[in-house]
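Observations on the three-dimensional arrangement
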Amino acid sequence: MVYADLHSHTLASDGMQSPAENVRLAVAAGLGAIAITDHDTVAGLQEALAAGEQYGIQVVPGVEISTVAAGEDIHVLGYWIDYENELFLERLANLRHVRDRRNEMILEKLNELGVPLTMEEVRASLQVSKKVDETLGRPHIADALLRKGHVTSIAEAFDRYLGKDGAAYFNPPRIEPATAIQWIQDAEGVPVLAHPGLYGQDQLIGELVESGLAGLEVYHADHTTQQEQHYLSIANQYGLIVTAGSDFHGERGGIVFHSPIGSRKTDISVVQQLFEAKRSL
């Protein structure tokens, strides 16, 4: 069998490897396809697609859009998007502005808590300088906290400060998941709900199906076996495409976040299912 990993991040958002390196790692893992799904940006797709041609592996152009429902972060994956669509690019730029505001508020809260950290220090800790169309997020802040000795691990940074129960957590107003679905469809892409087991909002799945949700990320690095069985049942109930992804971000503090490329994978036929769903839009 030939497999695909349909969820990975690069330096264009909060990953640690270049888009080309993600593609190379996918080849090394024996995959037949890899999706690049950076947060609120498509800046890494051209490099990844070129690397796919070089290495002889299929690269699925994707994105992971940040939304909020009932006060909870909800992420919607988009596959086979027209990543040159001007309206889509403009919408993603607006989302990055919201993300920038979130980062500022997190830093303000950290300083109020007696944990001094500036945006200049966060940027100084980056592996490479960020471009205008790339994103900076909480993992980058966690890196800076670790490098400055405020925490002893990335996990501690999220547990104490940056996670949804952390003291410096801030969740600004964002678009709703249904809006992200519409945006993905407007860009001729296929919307899939990412890692539903992290939300605990199962009723949302049915609501989003009515809005055009086409797939569910059943197999994810942070899902338990029981959760995977549960969401497989829900996906079958609604006739959704079943996807899988490692959610690879690279290694931080000696730990791979979330898991290595290829650790969660699905048959490559799912890539074709997604493409056929695109054609039916």
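Because the structure is predicted, anything quoted here is derived from the model rather than measured.

What counts and what doesn't
- Residues numbered from 1 in each chain as written.
- Predicted model: local features only at pLDDT ≥ 70, side-chain atom pairs only at ≥ 80, totals over all residues.
- Heavy atoms only, no water.
- Helix = DSSP H or I, 4+ residues; strand = E, 2+ residues; numbered from the N terminus.
- Polar contact = N/O pair within 3.5 Å; in protein donor to acceptor, adjacent residues only side chain to side chain.
- Contact = heavy atoms within 4.5 Å.
- Phe/Tyr/Trp six-rings, centres within 6.5 Å; stacked < 30°, edge-to-face > 60°.
- Buried < 20%, exposed > 50% of the residue type's maximum accessible area, 1.4 Å probe, protein only.
- Lys NZ or Arg CZ within 6 Å of the ring centre and 35° of its normal.
- Axes fitted to C-alpha atoms, helices over the stretch in contact; angles between N-to-C directions.
- Parallel < 35°, antiparallel > 145°, perpendicular 65-115°, else oblique.
- Nonpolar A, V, L, I, M, F, W, Y, C, P; charged D, E, K, R; others polar.
- Salt bridge = Lys/Arg side-chain N within 4 Å of Asp/Glu carboxyl O.

What to know about the side chain of Ser66
Note on placement: Ser66 falls in strand β3 (residues 58-69). Only 2.8 Å separates the side chain of Ser66 from the side chain of Arg99, close enough to count as a polar contact. The contacts of Ser66, once residues within four sequence positions are left out, are Asp40, Ile74, His75, Leu95, Arg99, Arg174 and Ile175.

With respect to the packing of aromatic side chains
This structure, assessed with the given rule, holds one aromatic pair. Pairing Trp80 with Phe275 gives two aromatic rings, centres 5.1 Å apart and planes at 75°, and the pair type is edge-to-face. With Trp80 in the loop between β4 (72-79) and α3 (86-112) and Phe275 in helix α10 (residues 269-279), the pair connects residues that are 195 residues apart, well separated along the chain. Classification of Trp80 as buried rests on a relative accessible area of 13%. In this structure, Lys265 is placed above the aromatic ring of Tyr3, and the distance from its NZ or CZ to the ring centre is 4.7 Å.

A short note on the packing of helix α5 (residues 138-147) against helix α6 (residues 154-162)
The interhelical angle for the contact between α5 and α6, taken along N-to-C directions, is 110°, at an axis separation of 9 Å. When the interaxial angle is binned, α5 and α6 end up roughly perpendicular. Judged by residue contacts, Arg138, Pro139, Ile141, Ala142, Asp143, Leu145 and Leu146 of α5 engage Ile154, Ala157, Phe158, Tyr161 and Leu162 from α6. Class assignment of the residues belonging to the contact of α5 with α6 gives a composition of ten nonpolar, no polar and two charged.

Observations regarding the pattern of salt bridges
This structure, assessed with the given rule, holds ten salt bridges. With a closest N to O distance of 3.0 Å, Arg99 and Asp40 form a salt bridge. Of this pair, Arg99 sits in helix α3 while Asp40 sits in the loop between β2 (33-36) and α2 (45-55), placing them 59 residues apart in sequence. Asp186 serves as the salt-bridge partner of Arg91, at 3.0 Å between the closest nitrogen and oxygen. Taken together, the residues Arg91 in helix α3 and Asp186 in helix α7 (residues 177-186) connect sequence positions 95 residues apart. Classification of Arg91 by relative accessible area gives buried; the value is 19%. Look at Asp186 and you get partly exposed, because its relative accessible area is 33%.

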